[in-house]
Amino acid sequence: RSIKIQGPVSTHALASPMASRDDIKIVVQSMKQIAGFIQEGASAFLMEEYLHMTVYMVVASCCVASCINLPTCLSFLVGCFTSSASGLIGMKVAVFANLCTAHEAWLDIDRGFKCALRAGSIVGFCLSSLAVLVLFSLVLIYRSSYFYGQEMQNARIMFEALAGYGLGGSSIALFARVGGGIYTKAADIGADLSGKNEWNMDEDDPRNPACIADNVGDNVGDVAGMGADLFGSFAGVSSASLVLSGPSATLECGLATYWSAAMFPLLISSTAIVVGLVTMQLGLAMATIGDDFSRIEDCLRRLRQIFCLLYTPVVTCLCYVFLPPAFTITPTHSGSRGATAVIILLGLWSGVLISYSTEYWTSHSCAPVREIARTQQVSPATGIIYGFATGYFSCVVPVICLGFTIAVSLSLQGMYGVSLAALGMLSCLSINLAIDCYGSIADNAGGIAEMSGAGLDVRRRTDALDSAGNTQSAIGKGYAISSAVLVSFALFGAFTVRAGISHVDALDPWTFTGLLYGGMMPFAFSALTMKAVGKAANEMVKECMSQFPRIMRREIYPQYARCIRISTDAALREMIAPGALAILSPVVAGVLFGTNCTAGVLIGCLISGTQLAVSMVNAGGAWDNAKKYIEAGALGEANGLGSNAHRNSVISDTVGDPLKDTSGPSLNIVIKLTAIVACVFAEFIGTFSTPAGGPLWLS
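Residues numbered from 1 in each chain as written. Predicted model: local features only at pLDDT ≥ 70, side-chain atom pairs only at ≥ 80, totals over all residues. Heavy atoms only, no water.

## A word on the overall build of the protein
The line we're drawing: The numbering of helices and of strands both runs from the N terminus, where a helix is a DSSP run of H or I of at least 4 residues and a strand a run of E of at least 2. Here the term buried applies to any residue with accessible area under 20% of the maximum for its type, exposed to any over 50%, and partly exposed to those in between, with areas from a 1.4 Å probe on protein chains only. Contacts are assigned to residue pairs with any non-hydrogen atoms lying within 4.5 Å of each other. Note on areas: these come from Shrake-Rupley sampling with a 1.4 Å probe, and a residue is covered only by the protein chains present in the view.
Scanning the protein from terminus to terminus reveals 21 helices and 2 strands. The dimensions of the protein, computed from C-alpha atoms along their principal axes, are 80 × 55 × 45 Å. Every one of the 699 residues in the protein was classed for burial, and the buried ones make up 64%. Residue pairs in contact within the protein that sit at least 24 positions apart in sequence constitute 84% of those at least 6 positions apart. Counting only carbon and sulfur atoms, one obtains 64% of the accessible surface of the protein, whose full area is about 24000 Å².

## Topic: the nonpolar core
Spelled out, the test is: Nine residue types can take part in a nonpolar core, namely buried Ala, Val, Leu, Ile, Met, Phe, Trp, Tyr and Cys, and a core is a set of them joined through side-chain atoms within 4.5 Å.
Judged by nonpolar contacts, the single largest core of 224 residues is most densely connected at F113, L167, I212, I296, F307 and Y311. The element that contributes the greatest number of residues to this core is helix α5 (residues 155-199), accounting for 20 residues. With residues near it in sequence (within four places) discarded, L167 still touches V64, F76, L673, I676, V677, V680 and F681.

## Section: a nonpolar patch on the surface
Threshold: Exposure above 30% relative accessible area and no salt bridge define the residues that can form patches, which grow by joining like charges within 9 Å and nonpolar side chains of Val, Leu, Ile, Met, Phe, Trp and Tyr within 5 Å. In what follows, salt bridge is the name for a side-chain nitrogen of Lys or Arg lying within 4 Å of a carboxyl oxygen of Asp or Glu.
A grouping of L74, I141, Y146 and F147 is seen on the molecular surface, where their side chains present a nonpolar patch of about 430 Å² in accessible area. Checked against the element boundaries, F147 lands in the loop between α4 (109-142) and α5.

## Quick notes on the environment of R554
Tracing the backbone through its elements, the reader meets R554 in the loop between α16 (509-552) and α17 (560-574). On a C-alpha basis, the gap between R554 and D657 in space is 31 Å, while along the polypeptide they are 103 residues apart.

## Describing the environment of P578
With respect to the helices and strands, P578 occurs in helix α18 (residues 576-593). Distance in space between the C-alpha atoms of P578 and P522 is 9.9 Å, their sequence separation being 56 residues.

## Observations regarding the pattern of salt bridges
Using the criterion set out here, one finds 29 salt bridges in the structure. With a closest N to O distance of 3.1 Å, R565 and E48 form a salt bridge. A residue pair is termed long-range when its members are at least 10 positions apart, and R565 in helix α17 and E48 in helix α2 (residues 24-67) qualify at 517 residues. Its relative accessible area of 24% is what places E48 among the partly exposed residues. The closest approach of N and O atoms between E574 and R573, which form a salt bridge, is 3.3 Å.

## As for the packing of aromatic side chains
Filter applied, for reference: Aromatic contacts are taken between Phe, Tyr and Trp rings whose centres are within 6.5 Å, Trp giving its six-membered ring; a plane angle under 30 degrees counts as stacked, one over 60 as edge-to-face, and the others as tilted. Either the NZ atom of lysine or the CZ atom of arginine qualifies as a charge over a ring when it sits within 6 Å of the ring centre and within 35 degrees of the ring normal.
Enumeration according to the criterion identifies 19 aromatic pairs in this entry. With centroids separated by 5.3 Å and ring planes inclined at 65°, the aromatic side chains of F684 and F688 adopt a geometry described as edge-to-face. Under the relative-accessibility criterion, F684 is labelled partly exposed at 23%. Taken together through their ring pairs, the aromatic side chains of Y56, F76 and F175 make up a single cluster. R143 extends its terminal NZ or CZ atom over the ring of W259, reaching a point 3.8 Å from the ring centre.

## Quick word on the packing of α5 against α18
Heads up, the rule is: Helix axes use the C-alpha atoms of the stretch in contact, all axes being lines fitted to C-alpha atoms, and the angles between their N-to-C directions lie in the range 0 to 180 degrees. The labels follow the angle: roughly parallel below 35 degrees, roughly antiparallel above 145, roughly perpendicular from 65 to 115, and oblique for the rest. The sense of a crossing depends on the near helix, which, turned anticlockwise from the far helix by less than a right angle, makes the crossing left-handed and, turned clockwise, makes it right-handed. Residue type decides the class: Asp, Glu, Lys and Arg count as charged, Ala, Val, Leu, Ile, Met, Phe, Trp, Tyr, Cys and Pro as nonpolar, and the leftover types, Gly among them, as polar.
The contact between α5 and α18 brings their axes to 10 Å, and the two run at 150°. Compared by their axis directions, α5 and α18 come out roughly antiparallel. Our pair here, α5 against α18, has a crossing hand that is right-handed. Here S171, L174, F175 and V178 of α5 lie close against α18, whose contacting residues are P578, G579, A582 and I583. Residue classes in the contact of α5 with α18 are distributed as 6 nonpolar, 2 polar and no charged.

## Concerning the pairing of strand β1 (residues 326-330)
As a reminder of what qualifies: Only strands that DSSP links by at least two bridges are regarded as paired with each other.
Bridge analysis of β1 against strand β2 (residues 333-336) gives 4 bridges, and the strand direction is antiparallel. Within β2, the position partnered with T328 by the bridge is S334. Linking β1 to β2, which pair antiparallel, is a turn of 2 residues.

Set out below in structure tokens:
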């Protein structure tokens, strides 16, 4: 097609000594070259990361096969491979879309917005469809005569074998999130502290040796990591729903005695994908940005609103078409169509309330972020204090919504109800993932535009796209954390079913011991990941500062490969200890101190991890948007780029970087992973416990 291309308004500071930017072809060629560097770096890191995870998969599958059974081991391996594929698909789409979005934003902001959002939707719908398809295929395989057959009396052991699918997905998601988070934040902090604060450079200045590593990190951390994370949530809650419904196969009018009712969790997810496709088409058709950049956030916000409005009648119809009028879940809990619809919709709309709360605390359009920005005029310390306060305040609404949802779901249909509420909240998984990937793509597009010298107008457009993406990314992380709470609690219920625990008593000494240890775990995990980012960032700053004098004298080109290697080595080296802590803790606690201690660990980790994750993510998002608010000149020219207020905001933002992109998002996987590990190994842990749930060595 014929495209009218307008050249860059001005050339970048590095343009004249390196190459002439008068010719548009040179700018386009530079865009392609930079995008190629980002693609090569992202592919190389993922391949090395997957090689390391292959070792884990081999060792862990042997443990699962020997301690549990072969079908569970097969489910585990399928979950691992599917989670890895989810991350790889997300990264491949994102690195291709980065270049396209930069070029389209060069022409028109509407085209840039739609390009980034369409690419994000490809990731969202591919991953959601893959997750549902693979799980349903596993169910059909296990129903064959080679495994458990089609008799619904075997539903319990078949569904328990499927729990390995959730374990595989969540464990790979943890390594992807932690490794990608360490990679991206080491590069981001190194680039900011050395380039912005020491040499007064712009964001993504091509003279900064860490800028390519920073853009690579957006793809491997925010896209591949988030894709694996949300896949792990889906796999975990689907497995929990099936495990919790399995025992009803032996009850009169049991839920699992009806095939359509037993597969109801998959029906919820599959119809949500169809509704999501309709939502995306409507959202794209209604999206018009023009000269008013504030419409970008409105367009993204509208997608969630449209989805919830469309999905509400759809899920209600599902309940009345595919569920029996009344059914039994456990000897003490029964269910009905109406109650099931209420529970799912409660999860769905609780997510909406949480998203509005997150937006208020992290958007530059709202008072908290603007208040932080004003405090940056005084010192970075006051901005950091206000940011922490913002993060702590932001926990209130999510906790109230989650508490109410759990209370109602648990009262109506027991733990199975909680798993349905989690599925309701996760029903907009494809839309949330699309919006989250949109933010990362817009961020990378801005970097490509800056480094290629495409012009100030292009950078202004991509900054507007990126700023809206930052807020929506914080909302997506809030969704992921909130859904992880419901998923973890549902998996806790599945653990109690498999371990034969009828009630959890906080006065039991071993339960209370587990509560204390579980409450400490998220803090220990966060300390490991934050220290890892700090160590790698120190190396990055030293490397950048050693190159800058010669780069500024035009003696050498920036050595991007050295910074990429620093981030890669740090991520692969430092992701092992946090992963081992999350995976081994529930099993070690159970083997040494019994099933009651493991139950305490799961509850303690869930409670403290939720508050810590929400406060970290929202505080980091608020600091980031306060910095962008200052960079946009909202506090006046005297407090714009290069001012003391701006330098102070950069310091606050670098403090928040590991909170919002490494430790915080990883914690939601920790609370899920500890629960799914305990669920899968429940019977194994039970062999080391007394009938009362204490340690076997006491008897």
